[in-house]
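# Architecture and fold: a report
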Protein chains: 2
Amino acid sequence: MKATTIYDVAKEAGVSIATVSNAINGKGKLSNKKRDEIFKVMERLQYKPSVIASALMGKKTYTIGLLIPDVSNPFFSEIARSVEDLAHSEGYSVIVCSTDNKDDRVEKYIRLLEQKSVDGILIGTGVENADILRQLTEKSLSIVMIAREAVSLKVHSVLTDNFKGGALAAEHLLSKGHRRIAVLSENFKVTSSFERVRGFRFALFEAGIALDEADIISCDSSIRDGKRAAAALIRRENSPSAIFCCNDLLAIGALQAAKETGVRVPEQLSIIGFDDTILSTVTNPALTTIAQPMDQMVKLAFDLLIRSLENTDEIKQRIVMQPELIVRESTGKLNV
Amino acid sequence: MKATTIYDVAKEAGVSIATVSNAINGKGKLSNKKRDEIFKVMERLQYKPSVIASALMGKKTYTIGLLIPDVSNPFFSEIARSVEDLAHSEGYSVIVCSTDNKDDRVEKYIRLLEQKSVDGILIGTGVENADILRQLTEKSLSIVMIAREAVSLKVHSVLTDNFKGGALAAEHLLSKGHRRIAVLSENFKVTSSFERVRGFRFALFEAGIALDEADIISCDSSIRDGKRAAAALIRRENSPSAIFCCNDLLAIGALQAAKETGVRVPEQLSIIGFDDTILSTVTNPALTTIAQPMDQMVKLAFDLLIRSLENTDEIKQRIVMQPELIVRESTGKLNV
DNA sequence: ATGAAAGCGCTAACAA
DNA sequence: TTGTTAGCGCTTTCAT
């Protein structure tokens, strides 16, 4: 059964397609009588305008792309949900793309999104090769970065002050008396992690404590990897009394390593995460972590994106939000 | 900067647009020489065919919709990721729609997806009003249900034997010596939960134990609600020694309630969940749960969907997978 | 083997 | 106020 088109409506209502189009889009002048009549017919015929056809005329597709490392990672699935809600409330759909932080996937997905003429792209994944994005901006496809940034690129971005977040974590640990501290970081190509560690180390430095390179372990962003790395740390001769993990997944891995080796958290080992995902509320002990105000960030990013659809050559903003320490149970006073 | 069109390519290659089109789609006959030349030009001009335009000609949009209750719920975000991977490997994009299990949202999203001419819809959310879906099938839009079913509707569906899963949970608890058992269920309008409870109760019945209506608590599907309900259960005079929760979220709520009231799991209270999400590996004690073979299910469902795009009037399948008991730490022998 | 031209469903100038 | 018509970028006959 073919779908009803604007022609069917026009014929049925005894008017031209232009009039129907005007009625739909509230353009031009037309008598109330005709308008009502047309709407009635549309209703009766269950007419739904084809987005495809109107997009071909250069109108919007009302579809945006969302690039994130992995939807199944709670941090990003929570972002996806917020984006989706905002988008739907404005009539947009969102195509979710999990990139696994791989540039070739990023490139492939972006190409796909381009072909589908999405109106804009929200990027919440690291992109090493800025050229991929540069091409986009040159094609004047709207993009805004969320929880990431692309220095050297003229795009909107809204992110957390990761340096500050790292410092917050360090201060908390310091205040609990910890001195031997290690960190589990994502690969440093992930700039947000880099900043977090930098802030962490800075705060330590301010307190007169040097963070040794050997105490910074680079991991993939997975529970398994966090567990492996933390286990190694625990086995060390002079093992740390606290571990700062660059995200909740790694922190959970550390929690598991502690459990397996019989190390009590927080009595013997304090663990602090980053992101404040649902996971951090679910562990036992619940995870102390650094929260990013994600809902606000998504709102800001989305609004920026939508606005830049209309107004393409606006000054690019870089909005930095403040992180917050959420103290739960996985950190405690150092037992001397 | 306007995007390159097929006209640009044709002009540059000195051929007609039809020839370019043929070259792209491997249709018709054309000399290798011309073909190579055309591809070279496409490369040089960075030509990317517009999916929009070809969709308007009745071709596929290479976009599918995924309806689930909530992407931020790990069970569904894991599904979303699998769907996405399969889809992308076949050149499809997926539009994610979180319905919160509300029929009006389902309806709104479906309408949106229709307007965008998606090729098919994967439905992993309950739909109370089957009419919404019936309309779709009548319009010959391909849909397949995953982890849900729509009895009375001629659609493909792949799901787990929820009855069996419930029975598995009961048998496990029974084998540990539990007799006073309660259940936390989602609203019974969610048929999967209904089946789970039915299976659970059946297995109990077989063992000569009657499950009292008062021992079945109906909840929303959230940690908070699980906690609330479990806390009430724990406070009861003759409180149960084991709780079967219809999903991991509820089970985690129960775990939290136990922790707060100082009830030790599993020594004093056994808790079993359903779904085997990442959450169940993260809690402490780790959650015993019933797993659905989601990866296989998604694969099956996706293949069914893709196949039914070509072959619309095929016999509708109903594939039922077997659930599996995953024993972790939250269930144990009853202390008599 | 290649091209001309019609048409997919819609919007927007322009006529009437 | 309403209708006619020319595209948007592509696929697909049907000629050549």
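Residues numbered from 1 in each chain as written. Chains lettered and ligands numbered in written order. Predicted model: local features only at pLDDT ≥ 70, side-chain atom pairs only at ≥ 80, totals over all residues. Heavy atoms only, no water.

Looking now at the pattern of salt bridges. Scanning the model with the defined rule gives 44 salt bridges over all chains in all. In this structure, B:Asp131 and B:Arg134 form a salt bridge, with 3.5 Å as the shortest nitrogen-oxygen distance. Of this pair, B:Asp131 and B:Arg134 both sit in helix H7 (residues 130–138), three residues apart, which is roughly one turn of the helix. The class of B:Arg134 is partly exposed, set by a relative accessible area of 30%. The salt bridge partner of B:Asp275 is B:Arg196, with a shortest N-O separation of 3.7 Å. Of this pair, B:Asp275 sits in strand E9 (residues 270–275) while B:Arg196 sits in helix H9 (residues 191–206), and the two are 79 residues apart along the sequence. When sorted by exposure, B:Asp275 lands in the same class as B:Arg196, which is buried. Put simply, A:Asp70, A:Asp100, A:Arg105, B:Arg81 and B:Asp85 are held in one network by salt bridges that share partners. (Salt bridge = Lys/Arg side-chain N within 4 Å of Asp/Glu carboxyl O. Helix = DSSP H or I, 4+ residues; strand = E, 2+ residues; numbered from the N terminus. Buried < 20%, exposed > 50% of the residue type's maximum accessible area, 1.4 Å probe, protein only.)

Bringing the UniProt feature "domain: HTH lacI-type" (unreviewed entry) in chain A into the picture now. In the numbering used here, UniProt assigns the feature "domain: HTH lacI-type" (unreviewed entry) to residues 4–58 of chain A. Secondary structure within residues 4–58 of chain A divides into 67% helix and 0% strand; the distance between the first and last C-alpha atoms comes to 22 Å. (UniProt positions renumbered as here; feature names shortened; annotations may be inferred.)

Of the transformation superimposing chain A on chain B, the axial component is 0.0 Å and the angular component is 180 degrees, with the fit at an RMSD of 0.1 Å. In short, the pair behaves as if placed about a two-fold rotation axis. Both copies share a contact surface, since 100% of the interface residues of chain A are interface residues in chain B too. (Least-squares fit on C-alpha atoms with pLDDT ≥ 70 in both. Contact = heavy atoms within 4.5 Å.)

A complete count under the given rule lists 14 aromatic pairs over all chains for this structure. Between A:Phe75 and A:Phe76, the aromatic rings sit 4.9 Å apart at their centres with planes inclined by 75 degrees, giving edge-to-face as the arrangement. Of the two residues, A:Phe75 and A:Phe76, neither departs from the other in class, the shared state being buried. Ring centres of B:Phe200 and B:Phe244 lie 4.5 Å apart, and the angle between their planes is 10 degrees; on these two criteria the pair is classed as stacked. Separated by 44 residues along the polypeptide, B:Phe200 in helix H9 and B:Phe244 in strand E8 (residues 242–245) bring together distant segments of the chain. One exposure class covers both B:Phe200 and B:Phe244, and it is buried. An aromatic cluster is built from A:Tyr62, A:Tyr92 and A:Phe302, whose rings are joined through pairwise contacts. (Phe/Tyr/Trp six-rings, centres within 6.5 Å; stacked < 30°, edge-to-face > 60°.)

Turning to the sheet that holds strand E10 (residues 288–291) of chain A, a few remarks are in order. All names here are of chain A. With mixed pairing, the six strands of this open sheet are ordered in space as E7-E6-E8-E9-E10-E12. Edge positions in the sheet fall to strand E7 (216–219) and strand E12 (324–326), since each of these pairs with one other strand and no more. Between one strand axis and the next, the sheet turns by 20 degrees as a mean value, whatever way the strands run. Relative to E7, strand E6 (residues 181–186) runs parallel, the two sharing four bridges. The partner of Ser185 across the bridge, within E7, is Ser218. In the packing of helix H9 (residues 191–206) onto the sheet, the strands contacted are E6, E7, strand E8 (242–245) and strand E9 (270–275), and the crossing angle to E6 comes to about 165 degrees. Across the sheet, helix H10 (residues 223–235) lies against E6, E7 and E8, angled at about 155 degrees from E6, the strand it touches most. (Pairing = 2+ DSSP bridges. Axes fitted to C-alpha atoms, helices over the stretch in contact; angles between N-to-C directions.)

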